[in-house]
Structure formats: C-alpha cells, structure tokens
Amino acid sequence: MKYNSVFDIIGPVMIGPSSSHTAGAARIGKAARTLFGKSPKWAKIYLYESFAKTYKGHGTDFALAGGLLGFETDDTRMSNALNIAKERDFYIEFIEDSAAVDHPNTARIVLGNETDTLELVGVSIGGGKVEITELNGFELRLSGNHPAILIMHNDRFGAIASVTTILAKHQINIGHMEVNRKDVGKEALMVIEVDQNVDDDVLHELDNAEHIIQISKIVS
C-alpha cells in the first residue's frame, strides 16, 4: 500500500487571478484525490458563497478539476483541466449551494468510482493555503502545518492504545490528538499531529495493528 501525503499538493502558487480561488482550490481537489487513493470516475463539487459566485471567472472550476486530476498547482495543464477531464471520461459537476458555511471559500467534494466514494470539505483560507474540515462525515481541521496521521479504525477497546504504543516504540511524539466517531462501536477517526514526519515502515506497522481500517498521512 502506498501512503501518499494529503499535502504533497503544497508547492509553487499557480498562475491565476486569485491564489485563494485557484491555488487553494487546486489543493483542495488534490487533497480529495490523494485521500481517495485512486483515480475517480466522477465528482460532484458543491460551492458556497464566494466560491459559488465567482468560480467560473476566477478559475476555481478548472483549479478544482486539476487538483482532482492530480495536477500540481503550477502544472501548465491546469487551465485546460476541464477539457482533460472530459477526455479521460471523468465526469465533474459543479453545484452552487446556498447553505450557510463558516468560510466564503468553501467546497464540498463528493467523488467516486464504480465501487468507492469519498466526501471532503475544504476551505481556501488565503494565499493558497487550505484547511480540510470534514472527511466522510467526520469533523477535523487539517492545515498541513504539522505532520499528521489520519487513522480510520473500528471503535473498539484497545484501538487507540495499539496506535500510541507503536508511535512510542518508534519515539514519535504526539503533539495533538483527537478522536471522532459517528456512533458507539462503529467507525471512528483518529487525527494525530506529531513532531516529525512518519516513515512508511511505521505506517505499515500501524496498518497491521488491531482494528485499523485505513491510514493516510500528512507531511510538513
């Protein structure tokens, strides 16, 4: 299993009329694709407030599409991403949503293929920086400022201890940790910020721990 970083997308700011509406949007799209872990076949993108009002003129539409295609923010293909998506039979639908949100540059992305789906909410906070605030119904707040591990697991006794024991064995210090669950005994999500980037061999060990379903990482 290859462990990609959600924030491998952080790189040179792309050329565009607005870093918030282009570079930030591309990074939200790239985060969704990275967490999905494979090439999506379709995506529904719900845009709110400023994003909804200006997404065509400011290039938010092609930036989100480019991110979903896996393009870096400075990729010369970015402005042609919508056409490239069509050529690859990747269907993308943009939906202007009037629901209230906490930040005007908010996008909710639902993407999938024949068997799997993922839902993510991202916010472009300015200067090309983003926050991921929701993943598959779990609330979280990821900025990429610190290395972190996202661990989807079964809500069972010992699941958290098995993870923290492995991190302690490898002398990885936890700076911040939060656990969210939808219901008792169902799936839960651990978000662990650490003081150093975590090597893939440690992630493989975590992946084999009891009750672990899926792991993603963020590098700083």
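See the structure printed just above.
No experiment lies behind these values; they were computed from the predicted model shown.

Visitor: Would you explain the nonpolar core in this entry?
Guide: For soluble globular proteins, nonpolar side chains are generally found buried alongside one another. Counting 43 residues, the largest nonpolar core has Ile45, Leu47, Leu68, Ile109 and Leu111 as its most contacted members. Counting 16 residues, the second largest nonpolar core, distinct from the first, contains Val163, Ile166, Ile192 and Val202.

Visitor: Mind showing me how you'd approach the packing of helix H1 (residues 23-36) against helix H3 (residues 60-68) here?
Guide: How two helices sit against one another is set out by the angle between their axes and by the gap between those axes. Relative orientation of the contacting elements H1 and H3 amounts to 30°, with a least axis distance of 6 Å. Classed by the angle they form, the pair H1 and H3 counts as roughly parallel. H3 is crossed by H1, and the crossing has right-handed handedness. Between H1 and H3, the contacting residues are Ala25, Ala26, Ile28, Gly29, Lys30, Ala32 and Arg33 on the first element and Thr60, Ala63, Leu64, Gly67 and Leu68 on the second. Looking at the contact of H1 with H3, its residues break down into seven nonpolar, three polar and two charged.

Visitor: I tried to follow the sheet that holds strand E8 (residues 174-181) on my own but got confused; where do I start?
Guide: Sheet strands pair by backbone hydrogen bonding; their relative direction is either parallel or antiparallel. If you walk across this open sheet you meet the four strands as E8-E9-E7-E10, and the pairing is antiparallel. Edge positions in the open sheet fall to E8 and strand E10 (212-218), since each of these has one partner strand only. With direction set aside, neighbouring strand axes in the sheet form an average angle of 15°. In terms of strand pairing, strand E7 (residues 148-154) meets strand E9 (residues 187-194) through seven bridges, oriented antiparallel. The partner of Leu150 across the bridge, within E9, is Val191.

Conventions adopted
- Residues numbered from 1 in each chain as written.
- Predicted model: local features only at pLDDT ≥ 70, side-chain atom pairs only at ≥ 80, totals over all residues.
- Heavy atoms only, no water.
- Core = buried A, V, L, I, M, F, W, Y, C linked by side-chain atoms within 4.5 Å.
- Buried < 20%, exposed > 50% of the residue type's maximum accessible area, 1.4 Å probe, protein only.
- Axes fitted to C-alpha atoms, helices over the stretch in contact; angles between N-to-C directions.
- Helix = DSSP H or I, 4+ residues; strand = E, 2+ residues; numbered from the N terminus.
- Parallel < 35°, antiparallel > 145°, perpendicular 65-115°, else oblique.
- Left-handed = near helix turned anticlockwise from the far one by under 90°.
- Contact = heavy atoms within 4.5 Å.
- Nonpolar A, V, L, I, M, F, W, Y, C, P; charged D, E, K, R; others polar.
- Pairing = 2+ DSSP bridges.

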